[in-house]
Amino acid sequence: MKYLNQLNNQYRSISALSAVLIPVLSLVFACSEAPKQDEKEVSCEAPLNPNGDSERALMMRKMTQLAEANAASLRNGGELEPYDGSFANLATTKGTMPVDEDFFKGMSAAYLSSLEALYAAEPSQRVQLHNNLVKSCQDCHAQTCRGPLKRIDKMILSEN
Ligand code: HEC
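Computed from a prediction, not measured in an experiment: that's the story for all the values here.

Peer 1: Would you mind going over the overall build of the protein with me for this structure?
Peer 2: Within the protein, the regular secondary structure consists of five helices and zero strands. When the helices and strands of the protein are read in sequence order from the N terminus, they spell out α-α-α-α-α. Expressed as a percentage of its 160 residues, the buried residues of the protein come to 14%. Excluding contacts between residues fewer than 6 apart, the proportion of contacts in the protein whose partners are at least 24 apart in sequence is 64%.

Peer 1: Could you clarify how one ought to interpret helix α4 (residues 126-143) in this entry?
Peer 2: Since the α-helix turns once every 3.6 residues, residues separated by three or four places project in the same direction. If you check α4, its first and last C-alpha atoms are 26 Å apart, about what 18 residues at 1.5 Å a residue would give, namely 26 Å. Along α4, the residues that are buried comprise R126, V127, L129, H130, L133, V134, C137 and H141. Buried-residue contacts for α4 involve α2 (55-75), α3 (101-120) and α5 (149-153).

Peer 1: Is there a simple way to explain the packing of α2 against α4 in this structure?
Peer 2: For any two helices packed against each other, one specifies the crossing angle of their axes together with the interaxial distance. One way to put it is that α2 packs onto α4 with a least axis distance of 11 Å and a crossing angle of 150 degrees. It follows from the interaxial angle that α2 and α4 lie roughly antiparallel. As α2 packs across α4, the resulting crossing turns out to be left-handed. In this structure, α2 contributes A67, N70, A71 and L74 to the contact, and α4 contributes R126, V127, H130, L133, V134 and C137.

Peer 1: Explain the site of the ligand here, please?
Peer 2: Close contacts around the ligand come from 27 residues, with M60, G95, M107, C137 and C140 the closest. Those elements that place two or more of their residues in the shell around the ligand are α2, α3 and α4. Grouping the constituent residues of the shell around the ligand by class yields 15 nonpolar, eight polar and four charged.

Peer 1: Sorry, what's going on with α3 here?
Peer 2: Given a rise of 1.5 Å per residue, 20 residues ought to cover 28 Å, and the 28 Å separating the end C-alpha atoms of α3 matches this to within 8%. The set of residues buried in α3 consists of F104, M107, S108, Y111, L115 and L118. Along the axis of α3, the buried positions cluster into a sector of 110 degrees, meaning they face one direction only. Facing away from the buried side of α3 by over 90 degrees, the exposed positions are D102, K105 and A120. On its buried face, α3 sits against α4.

Parameters and conventions
- Residues numbered from 1 in each chain as written.
- Predicted model: local features only at pLDDT ≥ 70, side-chain atom pairs only at ≥ 80, totals over all residues.
- Helix = DSSP H or I, 4+ residues; strand = E, 2+ residues; numbered from the N terminus.
- Buried ≥ 20, exposed ≤ 12 C-beta atoms within 10 Å, placed from the backbone.
- Contact = placed C-beta atoms within 7 Å.
- Expected span 1.5 Å × (residues − 1).
- Axes fitted to C-alpha atoms, helices over the stretch in contact; angles between N-to-C directions.
- Parallel < 35°, antiparallel > 145°, perpendicular 65-115°, else oblique.
- Left-handed = near helix turned anticlockwise from the far one by under 90°.
- Near = placed C-beta within 6 Å.
- Nonpolar A, V, L, I, M, F, W, Y, C, P; charged D, E, K, R; others polar.
- Arc of directions from axis to C-beta.

Next comes the structure, spelled out in structure tokens:
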């Protein structure tokens, strides 16, 4: 009888626990799924294209490497990494994310002109112009896919 009582108590605490846990867990799952419904929250790093990475995604990766390398170098008072000119056709690359291509073209031009300005600048101007470039990444990503923004935000340098 004592044993049965114990069992009964255990059962009750388990069902009390699941009464709390089940709603909490389903809330957690609901929240982690919610962003998928909002296109702007979609991470552009998801494998959206079953045929592989798009030309645009590959270029984005190289742009990311360059901006991260420059951020690291400028933080230590170093030089810019060489830029080989290969982002010049960003505006007309083929992507997998559905975006407004006119918007993408305009934002690409802003990015490319900030890239040119950075590479043409006096060394003393580079930190500020690097930040302008990173802001152009942020501006486009705020309107297209917010996934990489966390990583992009870390490329901003302090300007004092
Ligand atoms: C003109 C708009 C625009 C600009 C400017 C832009 N991005 Fe992107 N980015 C996109 C879009 C759209 C995608 C999704 C690519 C696709 O359709 O395949 C993307 C994809 C990415 C990805 C994911 C690539 C992958 O592995 O699939 C990263 C990381 C990224 N961008 C970082 C950056 C960084 C860093 C910059 C600035 C140096 C930048 N982006 C500038 C619009 C932009």
